[in-house]
Structures are given as C-alpha cells and as structure tokens.
Amino acid sequence: MTVPPPLLDARDQAQMLDDLRRMLPGYVPELDPAGGSAALTLMRVFARYSASLGVGLNRLPARQQLAFLDTVGTHLLPARAARVPLVFSLLDTSPQDVTLPAGSQAAAVLPPPLPVPGAAPPPADPMIFATESTITLTRSRLVAMYTIDPATDTYTDHSAQLTTGFNTFDAARQTEHAVYFGHDHLFALAGDITVLLLFTLGNAPDRALDVAWEYLADAGWLPLERDEMEDTTLGLMQDGQVSLRRACGPNAKQETIFGHKTFWIRGRLRTPLPSSTIGSALPVINDIVARLNFRKACLAPDAAFTDGASLDVSKDFTPFGSQPQRFTTFHVASKEVFQRQGARVSMEFTLSVPGGKGGVIASGATPPAFQLAWEYFDGTRWATLDVEPAAGSTKGYAFETNDTVSFRCPADWSETSVNGTKNFWMRIRIITGDYGHPIRAAVTGTGSTLEASTLKVPVVQSLRFAYAYVTDPAALDHCLVYNDFVFTDHTDDCRWPDRSFSPFRAVADTQPTMHLGFDRALPTGLVSLYADIAPESEGTEGSNAAPFVWEYASPRGWTELGVRDETEGLRRSGMIQFVGPPDLTARLGLGGPLCRVRARLKRGEGSVSSAVNGVWLNSVWASQRSTADRERLGTSDGNPGQTFATTRSPLLESEMVEVQEWTGRGERWRLWFDGVPENALRVERDTATGEPTAVWVRWMSQPHLYRSSSTDRHYTVERATGAVRFGDGTNGAIPSAGRPIVVSYSSGGGVRGNVPPARITEVRAAVAYLQRVTNPIAASGGADVEVVADVLERGPQHLRNRDRAVAPLDVEWLAREASPAVARARCLPITGPMGHAERGWITVVIVPFGIEPMPSPSPQLRRDVVRHLAVRVPATAASRVRVVAAQFVAVGVRAEIVPIESGAAAALEDALRRALNNFLHPITGGPRGEGWDFGETVHLSQIAALIEGTNGVDYARELSLVCGGALQGDTVPVGHDALITFGDHELRLTVGAL
C-alpha cells in the first residue's frame, strides 16, 4: 500500500509561539516578552513564518523530501555485514604455530535454493567471510577448564563439555581433600578385618573433621566402617586411634598412584575447607603407624590327605581312614589361614559319626593312653603345634564330639609339599592308641576265640577355619596428600619419626576463579578463544566492566596477564584474547601438568553462574565482505561535483579514497603537502633507486559538505550504491584535472550473510598447515539496505536530534540508525515493568526485522546498537547503555465461522489462519501492514473486519480474543514495552442453516 509521507513539522503558529516562550529563558533569560512589547511582536512574526515554512515542507512530494535529506547528508542506511566467529584448525602434524593474517577468507557452502516461480535467481557469487584481525593459530589444545568457589570449597569441572555446553559455578562438587596411606602387605585387605591407625598430632586443631575412610579394590574406592566409639582422636583433634573395619566386599588390589604401587587406604575429608579456614588450626601429623585386626570365619581347607589318599572335604570324610592305626596321619592345608603369623586360629569340627578311642593291644592288657600329635612345618622339619584343648576337655581333642580347637600361628610356619601339593600344611598323627579294632581272633588261657569289633571311626561332616589377629604397629610404606587437585608425597615424613605434615589444607585460590589448562606452551602471538553464552545467561550490553583479573602460571608463580575480554566475565558472547606469555610454564592441577591461565574474580564481585554453549580455541571474528584494493574510480576532469561509482556495492564502512596529487622526481613533493598529516600520504618510489615518483593523498569522508571549505579534501559516499561525490570548489575541494583516483573498500552485507552454523567450511586462505575451518554458531547482524519509506520517516528525526541523544525519543531513533535491521526501538523510563531499567542506565528495547513470530535481536545486533549509542548519549551515560529484547503478547482468535461453500472449509480455514498470523505479526502486520508499535493493542472489531473481508466467509457466529489461555474483551492489554504477536487460533468451521 502507498505510505503517505510523514509530516516534517505539524506545529501551527500558536504551538510555535508556545515553544519559543518555553525556550526563551534558556537563551535570553533577561528578556521579558510582555504584552505589546517589541520582543513579543518579533516572536509572533517568527512563529508565523516558521509555521508557514512547516506547511510548505509538509506539502513537498516524497521525491523532493528525499532530495532534501540527501542534500543534508541523510542517506539510506547501508547494508550491514553479518559477523561470525570462525574456528580454524591446524594439521596434527603441523611443526609450528601459524599466524593467520587479517583478511583471510573462508567461504560458506550452502545448499542450492529451491526455484521460486517469477522470482529472480539468487546471486551466484560465493558467500565470502574475511577475518577482521590477525591471530596466531596454536597447536596447543584447551584440555581443562573448571571453576572453583573457595568460599564454599566447591568446584565444577567443565573439561568434557567445552563444545557441548556447561554452567559455570553451578552443580558444584566439594573440592577433594584426602590423605592416602599405603602398605605393601598390611593393607592387602580380605575378609573381616579391622585397620587401626594410631596418630600422634603436632597441634591441637580448633574443630573436629569428618573424614570418610575408604580402601581401593577392583570396583573402585569402597567404604571402611569407622567405629566412632573407638575413634579416640575425636575427629583428628588429639592423639589417639581410629578403628576402621572391613566386614565384607571384594579384596583390596594394588594400584599405582603418583608413582607409588601398593595397597591403599585413604581418608577423604567430608568437612568443607572454605577460604575462611586459611590460617586456622588444622591437624598436623607427627607420627602415624598402622595395625591390623583380622577376623575371618567359615573358611574351608584348601586340600586334605589321609596318609597318601586324597580327601574330598566338601562332603563327609574320615580323617584317619576307615581303620585308623597308630601313626596314621591326617594332613590339612590352608594358605590363607596358616600363613597369618601370630594369628589366633580356630578349627571347628562338625562330626556326622563320632570316634571312639580304643587301645587294647592284647586280651587282658592295659590299653595305652590315646594321643594325637598336632604339627606344622617350620621350614626344616615338622614341629609341634601348641594346640589348646577343646572346651571342657583336659586331654585334647580326639574327634569324639563337635568342638573347636584353637592355636596361634607360629611365625616360622612355611610352605612345603605333601603328596606333590605345595601349601601351608598341618598334620595330625595318632601316636598312641587307636579308635578300636574290627572283629579279630584272640588267644586266651582257655584257647582261641573271636573278639567282637570295637572300631569307632570318626567321620567329619565339615571342617571350617576361622582366624583373628592384631599385627604389631608398623610404619607406612607410602603416604600421599591430595589438596588443590595436586598430590604431594609425604612418604619420608611417615617413615621417619618427628617429621610432621599437614594432611588437609584449603585451596590456594581466595576468590571465585576460572582455570584454563593447555596441553603445551602457547605461542607469543595473539591467542584467541570464543565463548558462546546462552541468551538466558547473557547480561545486557554495556552492563559492567570485566569482573576478572587474568593471570598465568610462570616460574615466579601467578603473574598478571593482559586480556581483551569481550565477554566481560562470561556475561555475553565474545572473544577472549591475549598474547601468549613466553614464560608460561606447566603447573600441576586438575587434569595433570598443564600450562595454566586463570581468571580470578575481583574482590566485591559475586560469582554468578553463566550458561556457556561452548568455548573454542583458535577463533577469530569474520564478516561477510569482499575487499577491493586500490580500485581505480576514474580520473578527475576538474569540474565541480564530480561523481564516481565503485564496481561493487553496497559499501561497508572504512573505505579509503586516494588522489594522486603529485608526480615527478626528488624530494620537492614535500613543499606541496606542507601541513598534510603524514599518515594521509602514500609515496610511490622507484624500485631501483628508491626515489619518489608519485604521491597519493588520502581524502576524508564526510556526511555532507556544507561545513567543508574550498581547500578541504573531503568527499561523500552513498554506500547503498557505491557513489563517491567530490566538492564544488566552495564546499569541498575539487581533485585536480587529470589526476587518477583510487579507492580501497569492502563490499557485502545483507541478510543472506546470516548463514546457519557449520556452513562456513571452505578454506580460501593461503596459510601453511591450515586444515579446516567452521563456524560453531550462526552468523548474525547482516541487514539489507534501508528502504526509502524508512528514510522518509527517519530523516526528519535525524535533523531534529542532530545525531545526539538528549531525550528518550532521540535514543529510540538513533537506535534505529545503528542498523537497518532494527525495526522498533523503545527507550525505557528510569523504572519500568521489565525489571531492566534502573537509575543511571539507558535501557533500550529493540526488535529486529524478521518473519518469526517473536523476533529477537542477535548478540551482534545488540553490540552494534550499544556502540552506536555510546558515542551519542551524554558522556556520563556512555558506559551505562544496554540493549534488551522486547516482550511479546501472543494473541489468539477463537471463532466459529460459517463458509459460503461447505466443500471449501479446509482451504478457508488455512486462508483464515494465514491472514490472522499476517495481521498480528509484530513487524509486518497491523492495519497498515507496517507492524505494531510498542503498547499498541488489537481490537476485536479489527479481527471481525478481517474475517468478514476474507473470501469464502459467510458470517461468524462467535468471535473472541484469547491471551494466555484466557478470554479477553474488546481489546488485549499490552504493556508500553511489549508488542502484539500471533498466538494459537481456535477456528471452527460449521455448516450454516438451510
């Protein structure tokens, strides 16, 4: 639809006079325009003249308005180039770090677009992105990143989520503080065992510590039960003993930790050590020894023999055979039990058939005493084992009842072979007596007779061992302390008496800190990382100064590092850049020995969690542009107002126009350019002699030439078309006739540069060892050239504010001038419902052009607006400008509609839904197709008119507005900082009555 030109000045004579009266005290406070005075008469004449001039201006056709605006330097806003961080990767075999110069190019690889009937084909030229600065690509990799909060003694390791996303200072774990005790034999834990740790402390701590004790097995670190009643140290507050029991679970295993291979027990501190504990009394260990109290029961023998016959002890067996005789021997083996030197061992016998002692040698003879010999092998011979008698017996155990025999394992019990089986063996021999005899012939005084059997052979149903012992106090073989993610070896302090060490200490950081670890030294060039911050965690632009102090690990400790931090402390997306320190050294910490850089929070700053989408090393900003170096514009003919055009357009900022103003030989050229700045001159020299042959002078761009004198080397540029205009000799100098003119510039821009992630993959830079390039996030900030209708609306406002922001309206229009991508802007009052505005801040809400229902400004667009406004607002507020996204009120329509033709109901519903979405779109909708303004509401009558005017609609039975799931009245309330957008529609099409 045709847009009527806006009024340049709608004030009448009375309004003009009122404005003069209001402004008069500020300019001429001593003047009193009383009635009938000459001053009042003069003011009335001026007001009438101004009002008449305004009427004439408002009647100018749009073309003349554009010509007038162009004359005063108000041009179409040029296209904006999309910006994107590019991540470059070197070959794995690269022998060195590589410098990537500014202007290095990469191309976007995009799928071919679908053809659109009647539409012009898209541009065929490739989408080129050029880097904006020179960086050094490093072979080093960022392998560790973690944040630590000393105030709570917690940390969060982000090393595994560097490119997948993480939250800083969030989901934190307690920092580990642990002491590791190792012994090569003593801590080979198995069965029911108690470890006794005896501590002698060197000081009296000011509080008890909660220590979790664990041992290392194949399944990892498993808990040891601490008997609090037997913890006489009271939480390592005094000398005493800590009793730790292992009742069940897998056996301990040997493991190498910090170069020490042994069996391990560790004490892990469960009591946090916040930074406030630095300097407070913590335990200091002077001496520590360990003892073991073993208990294990229900252990079956490894093997058993009766003389040379093997026994199956898993079922009933006869230890002395079926006819025990004198010197019959029962061998039983158990490596686990019999090797425990000094252990108290018990053998539990359960009989299925009790034995009966015999011993009659001849009829009428006195039976010999029954006796068993209990023996062990001491390395050279079988020695007597001191066996305690069974309970209730004074003659020793003779396999007559279920009972338990106990003894203490001798220190010299050794392995030996019995019937070819090597083990720790015990043997039990019948040395006198027997278990009776079978039926046999007996000779008496009256002759030979048969004597009845007295044989009672014992049968053992089960034989089980149990043992328990306490070792002598033994010094530890190994001792390590783990604090601040670093192991410290205190083995010698444990082995030698009166050598103290502290098992626990707080982390060295005193403020919340972010640590970065690199696997090799960084180059002495510009190292660059990009951090992508999630929108929900981004602070407002220009909110605060960077809260971090950056440091690096050097031979002198932590040394301050100069860093350019665009993220301002991970508050927004941007680059983190610094020059690699030449004395950067590896330092132990989380992740092992790494070259470390840390960002320490300044005192008074709070640690706020940031949602980080990813961090990428070897990143650099790139913009969608093509460059032309010293393109020839033409040759001056000496006429006023000459205009030249560049080959490509639109032009981006920072072009350089040069005019060749001298040719010849020698140094006489200096007389021609007295007073011209040295940096505005470019001298061409003879390659053989080095003698000057030509001098080029750089001319300066101006928005208009009305303030330029006849000698000023000024020009204006129409960036949308690439037109370069020079002065007429009165306003701006004329390039001398016959002088060539060249221009160096960058062209590009437009919304087509906002390419998706991972699309810029074609390397076009001639850089050695460069392997690949990609864009981890989408390019943003690209905008097309401003349309004419917008400049007609914006131009008069630019004349009014003179490129300076004094009132909120000035801020809004200047925000729209920051980029053609800005469709709406609203400057919030000092206090507003969004919660962003506060005293001393200029808060601007912007909405970009877009087809999505809730257009949101990209981080790049927000940065562009902040930078544009920062130099145009009062100096006191230049650092307190922030830009935020708008709020939206989603409006839906609930209606019951009767179509003219029932068969077209489906197509009609689709058409109505599209029409409603188009009408309610915040940027392209509204009654005039110009979108909705902040705070502007929609009326039910507008929706009714839209539905009624849709082809195919007969009438609507019901019609209402819906917002937030609730029915609304004739309008929907909209905040002054919010915009209308379309929501869900409930459309029912029904058949009308016949």
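Novice: Describe the pattern of salt bridges, listing the residues and the values that go with them.
Specialist: A complete count under the given rule lists 42 salt bridges for this structure. Where E896 meets R988, a salt bridge forms, and the shortest distance between an N and an O atom there is 3.2 Å. With a gap of 92 residues between them, E896 in strand β57 (residues 887–899) and R988 in strand β61 (residues 986–989) connect regions that are remote in the sequence. What makes R988 partly exposed here is its relative accessible area of 48%. Here the salt bridges share partners, and the residues they tie into one network are E176, E214, R266 and R268.

Novice: So what's going on with the packing of helix α8 (residues 808–817) against helix α9 (residues 859–870)? Which residues, and what values?
Specialist: Between α8 and α9, the least distance of the axes is 9 Å, while the angle of their chain directions is 125 degrees. On the basis of their axis angle, the class for α8 and α9 is oblique. Note that α8 runs across α9; the crossing there is right-handed. In contact with V811, L814, A815 and E817 of α8, α9 contributes V865, H868 and L869. In terms of residue class, the contact of α8 with α9 is built from five nonpolar, one polar and one charged.

Novice: Quick rundown of the pairing of strand β7 (residues 154–157)? Include the residues and the values.
Specialist: Put simply, side chains in a regular strand alternate between the two faces of the sheet. Two strands pair when backbone bridges link them, and strand β6 (residues 142–149) and β7 are joined in this way by four bridges, in the antiparallel orientation. Directly across from T147, in β7, lies its bridge partner T156. Between the end of β6 and the start of β7, which pair antiparallel, lie four residues, with D153 showing a positive phi angle near 55 degrees. Across two bridges, the pairing between β7 and strand β9 (residues 173–174) is antiparallel. By the bridge assignment for β9, Y155 is matched with R173.

Novice: If you had to explain unusual backbone geometry to someone new, which residues and values would you point to?
Specialist: Looking along the chain, the bond that leaves S649 and enters P650 is cis, with omega of 0 degrees. Among the structural elements, P650 can be located in the loop between β45 (643–645) and β46 (656–663). The residue F258 is not glycine, and still its phi comes out positive at about 50 degrees. Summarising the element assignment, F258 is placed in the loop between β16 (254–257) and β17 (260–269). Under the relative-accessibility criterion, F258 is labelled partly exposed at 41%. One non-glycine residue with positive phi stands out, namely S654, at about 75 degrees. S654 gets classed as exposed once you look at its relative accessible area, which sits at 68%.

Novice: Summarise the sheet that holds strand β40 (residues 574–579); cite the residues concerned and give the values.
Specialist: The strand order β8-β43-β36-β40-β39 describes an open sheet built from five strands, whose pairing is antiparallel. Each edge of the sheet is formed by a strand with only one pairing partner; in this case those strands are β8 (166–167) and β39 (563–565). Pairing of strand β36 (residues 526–533) with β40 involves six bridges; the strand directions are antiparallel. Bridge assignment links L529 to a residue of β40, and that residue is I576.

Novice: Would you mind going over the packing of aromatic side chains in detail, with residue names and values included?
Specialist: Under the definition given, this model contains 33 aromatic pairs. Here F338 and F465 contribute two aromatic rings whose centre-to-centre distance is 5.2 Å and whose plane-to-plane angle is 85 degrees, an arrangement assigned as edge-to-face. Taken together, the residues span a long stretch of sequence, with F338 in helix α4 (residues 335–338) and F465 in strand β31 (residues 459–470) at a distance of 127 residues. Residue F338 is classed as buried on the basis of its relative accessible area of 1%. Ring geometry for Y482 versus F487: centroids 4.7 Å apart, planes at 50 degrees, classification tilted. Residue classification places F487 among the partly exposed positions, given a relative accessible area of 21%.

Novice: Break down the environment of D316 for me, with residues and values.
Specialist: Looking at where D316 falls in the secondary structure, it is placed in the loop between β20 (309–310) and β21 (329–333). Overall, D316 belongs to the partly exposed group, its relative accessible area being 43%. Sequence separation between D316 and A821 is 505 residues; the distance between their C-alpha atoms is 94 Å. In contact with D316, not counting residues within four places along its chain, are S352, V459, V460 and Q461. Among the polar contacts listed, one links the side chain of D316 to the side chain of S352, at a separation of 3.3 Å.

Novice: Kindly report on helix α7 (residues 788–801), identifying the contributing residues and their values.
Specialist: Taking 1.5 Å per residue, 14 residues should reach 20 Å; α7 reaches 20 Å between its end C-alpha atoms and fits that length. If you look at α7, its biggest bend is around 30 degrees, right at R794, and the proline P796 turns up within four residues after that. Those residues of α7 not exposed but buried are D790, V791, L792, R794, G795, P796, Q797, H798 and N801. A positive backbone phi angle near 55 degrees is found at R802, which sits one or two residues after α7.

Novice: Break down α9 for me, citing the residues and quoting the values.
Specialist: For α9, spanning twelve residues, the distance from its first C-alpha to its last is 16 Å, which sits close to the expected 16 Å at 1.5 Å a residue. Counting buried positions along α9 yields nine of twelve residues, so the element is predominantly enclosed. What α9 keeps buried is the set Q860, L861, R862, R863, D864, V865, V866, H868 and L869.

Novice: Tell me about the sheet that holds strand β56 (residues 881–885), residues and numbers included.
Specialist: Here we have three strands laid out as an open sheet, ordered β54-β55-β56, and mixed in their pairing. The open sheet has two free edges, formed respectively by β54 (822–827) and β56, since each of these has just one partner strand. The sheet shows a mean angle of 30 degrees between the axes of neighbouring strands, direction not considered. Sheet topology note: the β54/strand β55 (residues 842–848) ladder contains five bridges and is antiparallel.

Novice: Can you break down the packing of helix α1 (residues 13–27) against helix α2 (residues 38–58) residue by residue, with the values?
Specialist: Interhelical geometry of α1 versus α2 gives an angle of 130 degrees and a closest axis separation of 8 Å. Classified by the angle their axes make, α1 and α2 are oblique. As α1 packs across α2, the resulting crossing turns out to be right-handed. Contacts between α1 and α2 involve Q13, M16, L17, L20, R21 and L24 from the former and L40, M43, R44, F46, A47, R48, S50 and A51 from the latter.

Novice: Give a detailed account of the nonpolar core, specifying residues and quantitative values.
Specialist: Judged by nonpolar contacts, the single largest core of 78 residues is most densely connected at F181, F187, F199, W213, W374, F399 and M426. In terms of residue count, the dominant contributor to this core is strand β18 (residues 285–299) (six residues). Excluding anything up to four places from it in sequence, F187 contacts F181, G182, V195, L197, A252, F263, I265, A290, L292 and L476. One finds M145, F166, M514 and F578 within the second-largest nonpolar core, a separate group that totals 27 residues.

Novice: Would you mind going over the side chain of S746 in detail, with residue names and values included?
Specialist: For S746, the location among the structural elements is in strand β51 (residues 740–748). Apart from the residues lying within four places of it in its own chain, the contact partners of S746 are R625, S626, T627, P650, L651 and L652.

Novice: Kindly report on the pairing of strand β15 (residues 240–246), identifying the contributing residues and their values.
Specialist: Counting buried positions along β15 gives five out of seven residues, so the element sits mostly inside the fold. Where strand β14 (residues 225–226) meets β15, two bridges bridge the pair, whose relative direction is antiparallel. Paired with E225 across the strands is R245, a residue of β15.

Novice: Please give an account of the state of the cysteines that cites residues and values.
Specialist: Per the stated rule, a full pass over the model turns up zero disulfides. Between C409, a free cysteine, and C298, which holds the nearest cysteine sulfur, the sulfur-to-sulfur gap is 17 Å. Since its relative accessible area comes to 3%, C409 is described here as buried. No disulfide involves C494; its sulfur sits 3.2 Å from that of C479, the nearest cysteine.

Novice: Help me get a handle on the environment of E228, residues and values and all.
Specialist: Within the element layout of this structure, E228 appears in the loop between β14 and β15. Judged by its relative accessible area of 60%, E228 falls in the exposed class. Spatially, the C-alpha atoms of E228 and A474 are 23 Å apart, while their sequence positions differ by 246 residues.

About the thresholds
Residues numbered from 1 in each chain as written. Predicted model: local features only at pLDDT ≥ 70, side-chain atom pairs only at ≥ 80, totals over all residues. Heavy atoms only, no water. Salt bridge = Lys/Arg side-chain N within 4 Å of Asp/Glu carboxyl O. Helix = DSSP H or I, 4+ residues; strand = E, 2+ residues; numbered from the N terminus. Buried < 20%, exposed > 50% of the residue type's maximum accessible area, 1.4 Å probe, protein only. Axes fitted to C-alpha atoms, helices over the stretch in contact; angles between N-to-C directions. Parallel < 35°, antiparallel > 145°, perpendicular 65-115°, else oblique. Left-handed = near helix turned anticlockwise from the far one by under 90°. Contact = heavy atoms within 4.5 Å. Nonpolar A, V, L, I, M, F, W, Y, C, P; charged D, E, K, R; others polar. Pairing = 2+ DSSP bridges. Phe/Tyr/Trp six-rings, centres within 6.5 Å; stacked < 30°, edge-to-face > 60°. Polar contact = N/O pair within 3.5 Å; in protein donor to acceptor, adjacent residues only side chain to side chain. Expected span 1.5 Å × (residues − 1). Bend = angle between axes of the 7 residues up to and from the residue. Core = buried A, V, L, I, M, F, W, Y, C linked by side-chain atoms within 4.5 Å. Disulfide = S-S within 2.5 Å.

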